[in-house]
Amino acid sequence: MRMTALTESVTLEHEGEGPARVAVITIDNPPVNALSHHVRQGILDGMTQAAADESVTAIVLICAGRTFIAGADITEFSSAPKPPSLQAAQVAMEDCVKPVVAAIHGTALGGGLEVAMCAHFRVADAGARFGLPEVKLGLLPGAGGTQRLPRVTGPAKALEMMTSGEPIGSAEALECGLVDEVVSDLRQGAIEFARKVVAEGRPLTRIRDRNDKLSVDPSLFTDFRKKIGAKTRGFLAPEYNVQCIEAAVSQPFDEGVATERRLFEVLMSGTQSKAQQYYFFAEREAAKVPGLAKDTPKRPIEKVGVLGAGTMGGGISMSFANVGIPVTVVERDQESLDRGMAVIRSNYERSAKRGSISAAEAEARLALITPSVDQSEFSDVDMVVEAVFEDLDLKKQVFGELDRICKPGAIMASNTSFLDVDQMAAATQRPGSVIGTHFFSPANVMKLLEVVRGDRTDDEVIATVMTLSKRINKIPTLVGVCDGFVGNRMLSQRRIEADRLLLEGATPAQIDQVIYDFGFPMGPYAMSDLAGLDIGWNASTSSGSTVREILCESGRRGQKNGRGYYVYDAETRASTPDPEVVETIRAFAASQGVAQRTVTDDEVLERLLLPIVNEGAKILEEGIATRASDIDVVWINGYGWPVYTGGPMFWADTVGLPEVVAKIRAYGERLGGRHWDLSPLLERVATDGGKLQAATGA
Ligand code: 3H9
């Protein structure tokens, strides 16, 4: 068997003789066999040669490495397209007079699935996954995928797949006709399948010619838009994907492809897709720690302890149990422990009821969590995460105790959201094993994990926790020690300005609406009410010196007692602005000598977002964050900053740094306050005509 190299990433070889002779085109373009130009060229050349070779009766397209083609090469999006087009390779497959079989393992995503749908047949191994995730990049499948997928799966399934971007597995693909056969030995299975097709003389159906599944009631689209409306608010790509599927059912194939191309171009040239592509790489970069050798040893984490079964401790315990890691959760008394475990149980029951996991899986996960009131149970854990009350003295005491109980080598992590991890480390004999793991609430749901590197944290511990984060399905970013780390430190600046705006005459409802309209899930006051107005409030020291203190003193606790910045309906939990609160704010402003006025929405937006950008630049300058993109990853995953604007650093670049700098200066002069002191790094990058997203820290 002779193998011919067609391009640097594609080879052609032949298997068997006579009618059993099959050409095998193999793509080997690590890491994910993306459709770089040499891959497109290789497919085109391989198809042309195999089609012209009279001895070949069928063709198999297969990939080496860990996956089938995972899509277009996203790194090529920012430069001029290089020939050949993907379409040329696809036409060569689809119009081939010999059977073409795509052999799929790993993931057939985006352009990868679009190529596979140009084969006449698809075989896969049992673990393969199929999806069109372009929507996550702010795009739509631009290589005929929007027209071919509905022809295979029917429009309803295609709507789900294309607007969520979530892949389906082999079994489902087989059921809906996307795959013809599931085989165990992929290469051999695909070759045998190709021979069978030849022997049986099966017709070579092109998906583009199929119309059998396209008749649908137009209400499908109206209903679907309603269904995804809230989830996709602000995003352009989901709606454009829906429009393409509408085109598939109402237009001939070539017209549908023209619609797809037109809408693809609109998305591709817009800022949303640029932001989402930037985010794709930002998330992957965030997991990498500069200066940490790839082969840094990692400690095995097979069993974990969590101290505290409150909201955070419970969610953290679930995050470990969800991936099969046994957890011992310890509370100081039986009553708190029982309450915490009841919440965990009801969370799992709710998931089982919703169908996101089976009842058996819910039970299995719950069984991995062992409740106890005895801290000495931590003696055999590989890592302990403390999630006790946010009080530095208490945490230092806890770290001292844990140090005595935990075995040598065990990692000791704090879930603090703003306290000094170095001081906690100093309370132990193993400062190198102490690290911060700042989970976001609800910890079993939120993806972000700020991994806080202390002054003395060992590389081995950092490497272990970064890897563990991915294992528990979190998106980690490594940050340094400072008050509030990256996320909460920036959030505090926004809050200072929001509270000032209240006194000047903006209402909680106006401020929240502006932030909501920008794309956040909720504004600062709705968030306070959700978290509990009294978090961090101390009745014994409260002196009516802020609006929040006054509201807390008057018994307002937020959503939990139905009254906070808003009032809440007892049944529906729907919020309504409360004139009493507006009056309280007005009276307080008068007592402080602040004159109220009409504040415009534009001013609200600028005064809330610009301090975030300014503080982010300071954080970068101090080396608390490694890269600007890490800050964006924190804000998108921890605070709901809309990913289609790329996060605060990317957004500032799209606004234009000279304008950002000028506005920060102007507000600083007018309003004063440390949070308006212009970051020298921001000023420098703006003056140099650079981009904040590319700036790095100290
Ligand atoms: C498309 O296809 C458009 C078409 O419809 C129209 C065309 C006209 N390109 O995620 P990982 C890199 S749009 C370039 O850590 P995993 C990634 O940056 C595309 N690079 O691995 C990383 O690099 P590094 C539609 C890519 O095993 C490395 O590969 N397709 C691409 O956890 C490993 O990635 C998608 O959106 C790419 N397409 O997950 C699929 N993909 O090591 C996007 C990955 O230097 N990809 N890289 O940091 C994924 O979802 C995941 O990467 C995948 C593997 C599931 C494949």
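What counts, and at which threshold
- Residue indices begin from 1 for each chain and proceed along its sequence in written order.
- Only residues with pLDDT of at least 70 are given local features in this predicted model, and only at 80 or more are side-chain atom pairs given and counted; all residues enter the totals for whole chains, interfaces and linings.
- Side-chain metrics rest on all non-hydrogen atoms present in the structure, leaving aside hydrogens and water.
- Per the convention used, a helix needs a DSSP run of H or I reaching at least four residues, while a strand needs a run of E reaching at least two, with both numbered from the N terminus.
- Our radius of gyration looks at C-alpha atoms and nothing else; its globule reference is 2.2 Å times the residue count to the power 0.38.
- Residue exposure (1.4 Å probe, protein chains only): buried if accessible area is under 20% of the type maximum, exposed if over 50%, otherwise partly exposed.
- Residue contacts follow a heavy-atom distance rule, with two residues in contact if any of their heavy atoms lie within 4.5 Å.
- Working definition of accessibility: Shrake-Rupley area with a 1.4 Å probe, residue cover restricted to the visible protein chains.
- Residue ranges assigned to the domains are those given by an automatic or database domain assignment.
- When two parts are brought into contact, each loses some accessible area as probed by a 1.4 Å sphere; the total of that loss over both is the buried area.
- We define a salt bridge as a contact between a side-chain nitrogen of Lys or Arg and a carboxyl oxygen of Asp or Glu at a distance within 4 Å.
- Between N or O atoms, a polar contact is any pair within 3.5 Å; within protein, one atom must be a potential hydrogen donor and the other a potential acceptor, and residues adjacent in sequence are included only when both atoms are from side chains.
- Each residue gets one of three labels, nonpolar for Ala, Val, Leu, Ile, Met, Phe, Trp, Tyr, Cys and Pro, charged for Asp, Glu, Lys and Arg, and polar for the others, Gly among them.
- The span one expects for a helix is its residue count, reduced by one, times 1.5 Å.
- A pair of strands is treated as paired once DSSP finds two or more bridges between them.
- Axis definition: a line fitted to C-alpha atoms, limited for helices to the stretch in contact. Angles are taken between N-to-C directions and run from 0 to 180 degrees.
- Method remark: on a 1 Å grid restricted to protein atoms, a set of points is classed as a cavity if a 1.4 Å probe fits but cannot get out and as a pocket if it is open with protein on both sides within 12 Å along at least five of seven lines; lining residues have an atom within 4 Å of a point.
- Grid points are joined across faces, edges and corners, and a volume is the space filled by probe spheres set on the points.
- Seen with its strands pointing away from the viewer, a crossover is right-handed when the path leading from the first strand over the helix to the second is clockwise.
- In this scheme Phe, Tyr and Trp rings, the latter by its six-membered ring, pair at centre separations within 6.5 Å, and the angle between planes marks the pair as stacked below 30 degrees, edge-to-face above 60, and tilted otherwise.
- Geometrically, a lysine NZ or arginine CZ counts as sitting over a ring once it is within 6 Å of the ring centre and also within 35 degrees of the ring normal.
- When we say a residue is near a molecule or strand, we mean one of its heavy atoms is within 4 Å of it.

Caption draft 1: Representation of the overall build of the protein within the structure. Across its full length, the protein holds 27 helices and 20 strands. Relative to its length of 698 residues, the protein is compact, with a C-alpha radius of gyration of 28 Å against a globular reference of 26 Å. Along the first, second and third principal axes, the C-alpha set of the protein runs to 90 × 60 × 55 Å. Residues classed as buried in the protein amount to 53% of the 698 residues present. Across the protein, every contact between residues at least 6 apart in sequence was considered, and the portion connecting residues at least 24 apart equals 72%. Split by element, the accessible area of the protein, about 29,200 Å² in all, is 53% carbon and sulfur.

Caption draft 2: Expanded view of the domain arrangement of the protein. The domain architecture assigned to the protein consists of domain 1 (4-265), domain 2 (304-484), domain 3 (506-591) and domain 4 (602-694). The C-alpha-based centres of domain 3 and domain 4 are spaced at 27 Å. If you look at the interface, domain 3 gives nine residues, while domain 4 gives 12 residues. Three residues, Val 514, Phe 518 and Phe 520, lead the burial of domain 3 against domain 4; their summed loss comes to 61% of the area buried on that side. Between the two partners, domain 3 and domain 4, sit zero salt bridges. Along the contact surface separating domain 3 from domain 4 lie zero residue pairs in polar contact (both at pLDDT 80 or more). Residue composition of the side of domain 3 that touches domain 4, by class: seven nonpolar, two polar and no charged.

Caption draft 3: Representation of helix α18 (residues 487-504). Between its first and last C-alpha atoms α18 spans 26 Å; for 18 residues at 1.5 Å apiece the expected length is 26 Å, and the two agree. Taken together, the buried positions of α18 are Gly 487, Arg 489, Met 490, Leu 491, Gln 493, Arg 494, Glu 497, Ala 498, Leu 501, Leu 502, Leu 503 and Glu 504. Gly 505 sits one or two positions beyond α18 and adopts a positive phi of about 125°.

Caption draft 4: Local environment of the sheet that holds strand β2 (residues 10-15). Pairing in this open sheet of seven strands is mixed, and the strands run β1-β2-β3-β4-β5-β7-β10 from one edge to the other. At either end of the open sheet lies a strand with only one pairing partner, and these are β1 (4-5) and β10 (181-182). Two elements, strand β4 (residues 58-63) and strand β5 (residues 100-104), share three bridges in a ladder whose sense is parallel. Residue pairing in the sheet places Val 60 in a bridge with Val 101 of β5. Where helix α7 (residues 186-200) meets the sheet, its contacts fall on β2, β3 (22-27), β4, β5, β7 (121-124) and β10, and the angle it forms with β4 comes to roughly 160°.

Caption draft 5: Looking closely at the layout of surface pockets. By volume, the second largest pocket is sized at about 450 Å³. Looking at the second largest pocket, it is lined by 19 residues, and the ones nearest its centre are Ser 78, Lys 274, Gln 277, Tyr 278 and Phe 650. Among the elements of the structure, α11 (271-286) and α25 (648-655) are those that each provide at least two residues to the lining of the second largest pocket. Per-element accounting of the lining of the second largest pocket gives the leading share, eight residues, to α11. Class assignment for the residues of the lining of the second largest pocket results in seven nonpolar, eight polar and four charged. Here the lining of the second largest pocket gathers at least three residues from each of two domains, domain 1 (4-265) and domain 4 (602-694).

Caption draft 6: Representation of the pairing of strand β11 (residues 304-307) in the model. Side-chain alternation along β11 places Val 304 and Val 306 on one buried face and Gly 305 and Leu 307 on a second face that is also buried. Alignment of β11 against strand β12 (residues 327-330), held across four bridges, turns out to be parallel. Directly across from Val 306, in β12, lies its bridge partner Val 329. Once the chain exits β11 it traverses helix α12 (residues 311-321) before rejoining the sheet at β12, and the crossover so formed is right-handed. As judged from the four bridges shared by β11 and strand β14 (residues 383-386), these two strands associate in the parallel manner. Residue Val 306 lies in a different strand from β14, and its bridge partner there is Val 385.

Caption draft 7: Looking closely at the packing of aromatic side chains. Scanning the model with the defined rule gives 16 aromatic pairs in all. An aromatic cluster of at least three residues, connected via ring pairs, comprises Phe 440, Phe 518, Phe 520, Trp 635, Tyr 639, Trp 641 and Trp 651. Note that Arg 284 overlies the ring of Phe 280, its terminal NZ or CZ placed 3.7 Å from the centroid.

Caption draft 8: Quick peek at the site of the ligand. Around the ligand there are 24 residues in total, and Arg 66, Glu 114, Glu 134, Arg 284 and Lys 288 lie nearest to it. Within the backbone of Gly 111, an N or O atom sits 2.8 Å from an oxygen atom of the ligand. A distance of 2.6 Å separates an oxygen atom of the ligand from a polar side-chain atom of Lys 288. Taken by itself the ligand offers 1,000 Å² of open surface, and the protein chains cover 72% of this. For the shell around the ligand, the secondary structure elements donating two or more residues are β6 (107-109), α3 (111-116) and α11. Looking at the shell around the ligand element by element, the count peaks at three residues for α11. Of the residues belonging to the shell around the ligand, the class tally is 13 nonpolar, five polar and six charged.

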